Amino acid sequence: MLLTEFIKSALDQTCPFFADDMTVVEVIDLMQKGRLECAPVLQEGKITAMVTLRDLLLLRPSSSMNELCLRDLELEKTGTAGLHEHLFEVCSRMRSFPAAIVPVLEEDGRYAGIIEKAKLLEKIGEVFHLGEEGSTIELDVPSFGLKLSEIIATLEKNDATVLSFGLYHEPSKPEGMVVTFRVQTHDLFRLVKNIENYGYSVRYSSPFFREGDEELREKALEFIHFLDM
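About the criteria used
Residues numbered from 1 in each chain as written. Predicted model: local features only at pLDDT ≥ 70, side-chain atom pairs only at ≥ 80, totals over all residues. Heavy atoms only, no water. Helix = DSSP H or I, 4+ residues; strand = E, 2+ residues; numbered from the N terminus. Buried < 20%, exposed > 50% of the residue type's maximum accessible area, 1.4 Å probe, protein only. Contact = heavy atoms within 4.5 Å. Areas by Shrake-Rupley, 256 points an atom, 1.4 Å probe, with all protein chains shown as cover. Core = buried A, V, L, I, M, F, W, Y, C linked by side-chain atoms within 4.5 Å. Pairing = 2+ DSSP bridges. Disulfide = S-S within 2.5 Å. Axes fitted to C-alpha atoms, helices over the stretch in contact; angles between N-to-C directions.

Novice: Which residues make up the overall build of the chain, and what are the values?
Specialist: For the chain, the count of helices and strands is 8 helices and 10 strands. Here the chain holds 229 residues, and the buried ones make up 40% of them. A fraction of 59% describes how many contacts in the chain between residues 6 or more apart in sequence connect residues 24 or more apart. Of the accessible surface of the chain, which amounts to about 14200 Å², a share of 51% is contributed by carbon and sulfur atoms.

Structure follows, in structure tokens:
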């Protein structure tokens with residue numbers, strides 16, 4: 001499945017939504033009956049905000065409560081996703097989605113449905129192989145002369161398959177960069193030691209032994225030290 005089709009495939013059109021002229025009392029009743037934590041608020045078919053049951057219940061009861069409408073409240077604005085947007089474009093705006101669901105729009109701006117934020121994050125994890133099938137290696141590298149192809153070639157020479165990678169600047173070291181790889185390898189310990197022998201500075205690696213056998217790890221380190229001597 002193409003990532004440009006992911007949002008469309010995960011779209012939920014059954015999630016309830018409320019018109020902005022509905023009263024607060026009516027919405028609270030419907031949300032409690034439907035066990036809804038949050039829902040989109042629409043005005044003439046277009047998303048205006050996201051309402052949460054918690055915010056409504058925190059309102060002070062008053063004699064005018066029965067007449068108070070959603071549009072009378074200062075509801076938190078929400079970001080939206082386009083129905084045919086690429087997954088990565090949507091995830092770059094993740095902080096603009098305050099609730100557990102993300103409103104999705106048609107190309108003309110009309111409301112189409114919602115997608116669960118958790119599904120976005122799960123798909124990102126799947127794309128970058130962030131599950132248990134991979135290991136992480138993070139390297140300190142200079143900003144100048146950086147050739148990712150050379151690093152990837154070195155990893156592959158040592159029987160590792162590069163699943164994904166990313167890089168970023170470290171604020172405390174503006175002249176350097178950090179590059180992170182997700183890899184598959186049958187011997188992570190050997191891979192890390194060989195990468196260090198190539199002159200790379202390994203900043204972090206996944207635990208060598210997932211069962212936590214620290215004694216065996218220490219013996220392996222002593223053996224490597226003995227070979228180096």
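Novice: Please give an account of helix 7 (residues 188-197) that cites residues and values.
Specialist: Residues of helix 7 that are buried include every one of Leu 188, Phe 189, Leu 191, Val 192, Asn 194 and Ile 195, and no others. Gly 199 occupies a position one or two residues after helix 7 and carries a positive phi of about 100°.

Novice: So, the nonpolar core: which residues are in play, and what are the values?
Specialist: Within the largest apolar cluster, 18 residues are counted, with the highest numbers of intra-cluster contacts made by Ile 137, Leu 139, Leu 155, Phe 181, Val 183 and Leu 191. Elements with a contribution of two residues or more to this core: strand 7 (135-142), helix 6 (148-157), strand 9 (173-184) and helix 7. Discounting residues that sit within four places of it in the chain, Leu 139 has contacts with Ile 151, Met 177, Val 178, Val 179, Phe 181, Ile 195, Tyr 200, Ser 201, Val 202 and Arg 203. Membership of the second largest hydrophobic core comes to 17 residues, among which are Met 22, Ala 39, Ala 49 and Leu 53.

Novice: Account for the pairing of strand 9, with residues named and values stated.
Specialist: Sheet topology places strand 7 next to strand 9; 8 bridges connect them, and they run antiparallel. Within strand 9, the position partnered with Glu 138 by the bridge is Thr 180. Two strands pair when backbone bridges link them, and strand 8 (residues 161-170) and strand 9 are joined in this way by 9 bridges, in the antiparallel orientation. Paired with Glu 170 across the strands is Lys 173, a residue of strand 9. Count of turn residues in the strand 8/strand 9 antiparallel hairpin: 2 residues.

Novice: Mind laying out the state of the cysteines, listing which residues take part and the relevant values?
Specialist: Scanning all chains against the criterion turns up 0 disulfides. Sulfur of Cys 15: no disulfide; nearest cysteine sulfur belongs to Cys 38 and is 7.0 Å away. Residue classification places Cys 15 among the buried residues on the basis of a relative accessible area of 12%.

Novice: Tell me about the sheet that holds strand 4 (residues 81-82), residues and numbers included.
Specialist: With mixed pairing, the 3 strands of this open sheet are ordered in space as 4-5-6. Edge positions in the sheet fall to strand 4 and strand 6 (111-116), since each has one partner strand and no second. As paired elements, strand 4 and strand 5 (residues 101-105) share 2 bridges and run parallel to each other. Of the residues in strand 5, the one forming a bridge with Gly 82 is Leu 105. Taken strand by strand, helix 5 (residues 117-127) contacts strand 5 and strand 6, and its axis lies near 60° from that of strand 6.

Novice: Describe unusual backbone geometry, listing the residues and the values that go with them.
Specialist: With a phi angle near 55°, His 129 is a residue other than glycine that sits in the positive phi range. Note that His 129 resides in the loop between helix 5 and strand 7. The class for His 129 is partly exposed, based on a relative accessible area of 26%. Even without being a glycine, Asp 159 presents a positive backbone phi close to 60°.

Novice: Which residues make up the side chain of Asp 20, and what are the values?
Specialist: Turning to its location among the elements, Asp 20 is positioned in the loop between strand 1 (18-19) and helix 2 (24-33). Contact partners of Asp 20, with chain neighbours within four places excluded, come to Val 41, Leu 42, Gln 43, Cys 69, Leu 70 and Arg 71.

Novice: Would you mind going over the sheet that holds strand 1 in detail, with residue names and values included?
Specialist: Pairing is mixed across the open sheet formed by 3 strands, whose spatial order is 1-2-3. Looking at the sheet topology across the chains shown, the edges are occupied by strand 1 and strand 3 (46-52). Bridge analysis of strand 1 against strand 2 (residues 38-43) gives 2 bridges, and the strand direction is parallel. Note on strand 2: the bridge partner recorded for Ala 19 is Leu 42.

Spatial relationships are all this shows, so hold off on functional conclusions.
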